Amino acid sequence: MSTPVLEVKNVSRSYAINKVPVHAARDVSLEVYSGEFAALAGSSGSGKTTMLNLIGCIDLPNSGDVFIDGQNTKLLSDKGQAKLRAHKISFIFQTYNLLPVLSAIENVEYPLILIGTSEHEAKRLAKEAIAKVGLEKFEHHYPNEMSGGQRQRVAIARAIVKSPKIILADEPTANLDSKTGKEILDLMSHLNEVEKITFLFSSHDPTILEKARKVFRMQDGVLLETINKQK
């Protein structure tokens, strides 16, 4: 079998809140392979967002290791982790996190500019990404001129534009109505199937968990089970 694009080995993370230790992740191990459509599932406080932060190099584990594309993130310097995030990991947030002063296509170009892509190439790739999410007619609109669903499509285009190894999506449908949320989920599923883009969601949305083909169920920081529904 191929090497996983994401490998989490015996990861634990605790925090002190009012001097009381809170164990957000306890000895978690999991794997995600290239092209998978996977989800971390659990109620609020289950540890799924903590795991997404550890995987995305936003936080570091107290013990254990996280490997992205074979690289142990714990062994990287701050600069090395930033470079890994810039080139190999993309994020989709429930609040979109678009830059309000940039148009849709400029928001999509932005991560490419940060990694040194030429202006001409960034524009070309951004136009391709915008087309893949069906927003060609809105590429010059600003975030405040678009609906929530359109803004999330821009966020998806921004996530896929640099061809990352994995996209981490934190409750990406939480701020959308059920119809728009289903459309956004169908779009991401289509990109997974056609473009072979690897997704890992953090969600308690039953629609996402039904669509995901691998589900990691978490509770109180513990990985209870892995449900593999791969074809």
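Thresholds applied
Residues numbered from 1 in each chain as written. Predicted model: local features only at pLDDT ≥ 70, side-chain atom pairs only at ≥ 80, totals over all residues. Heavy atoms only, no water. Helix = DSSP H or I, 4+ residues; strand = E, 2+ residues; numbered from the N terminus. Rg over C-alpha atoms; globule rule 2.2 N^0.38 Å. Buried < 20%, exposed > 50% of the residue type's maximum accessible area, 1.4 Å probe, protein only. Contact = heavy atoms within 4.5 Å. Areas by Shrake-Rupley, 256 points an atom, 1.4 Å probe, with all protein chains shown as cover. Lys, Arg positive; Asp, Glu negative; His and termini not counted. Charge placed at Lys NZ, Arg CZ, Asp CG, Glu CD. Pairing = 2+ DSSP bridges. Salt bridge = Lys/Arg side-chain N within 4 Å of Asp/Glu carboxyl O.

Let's shift gears to the overall build of the protein chain. Scanning the protein chain from N- to C-terminus turns up seven helices and ten strands. Its C-alpha radius of gyration of 17 Å places the protein chain within 12% of the 17 Å reference for a compact globule of 231 residues. Its C-alpha atoms give the protein chain principal-axis dimensions of about 50 × 45 × 40 Å. Looking at the 231 residues of the protein chain, the share that counts as buried comes to 49%. Here the analysis covers contacts within the protein chain between residues at least 6 apart in sequence; of these, 69% occur between residues at least 24 apart. Only carbon and sulfur atoms are counted for the fraction: they give 50% of the accessible area of the protein chain, which is about 11,400 Å². Of the side chains in the protein chain, 29 bear a positive and 27 a negative charge, and the two mean positions are spaced by 2 Å.

This part covers the pairing of strand E4 (residues 63-68). Where strand E1 (residues 6-17) lies against E4, five bridges are found, and the strand directions are antiparallel. Across the sheet, residue Val8 finds its bridge partner in E4, namely Val66. From the end of E4 to the start of strand E5 (residues 71-72), which pair antiparallel, there are two residues, and Asp69 there has a positive phi angle of about 50 degrees.

To continue, consider the side chain of Asp170. Residue position: Asp170 is located in strand E7 (residues 166-170). No salt bridge is formed by the buried Asp170, whose closest oppositely charged neighbour, Lys48, lies at an N-O distance of 6.8 Å. Sequence-distant contacts of Asp170, that is, excluding residues within four places in its chain, are made with Thr49, Leu52, Ile92, Phe93, Gln94 and Ser202.

Within the open sheet, the four strands sit side by side as E2-E1-E4-E5. Their pairing is antiparallel. The two strands at the open ends of the sheet, each matched to only one other strand, are strand E2 (20-32) and E5. Across nine bridges, E1 lies against E2 in antiparallel orientation. Across the sheet, the residue bridging to Ser14 is His23, located in E2.

The quantities given are spatial measurements derived from coordinates; they are silent on function.
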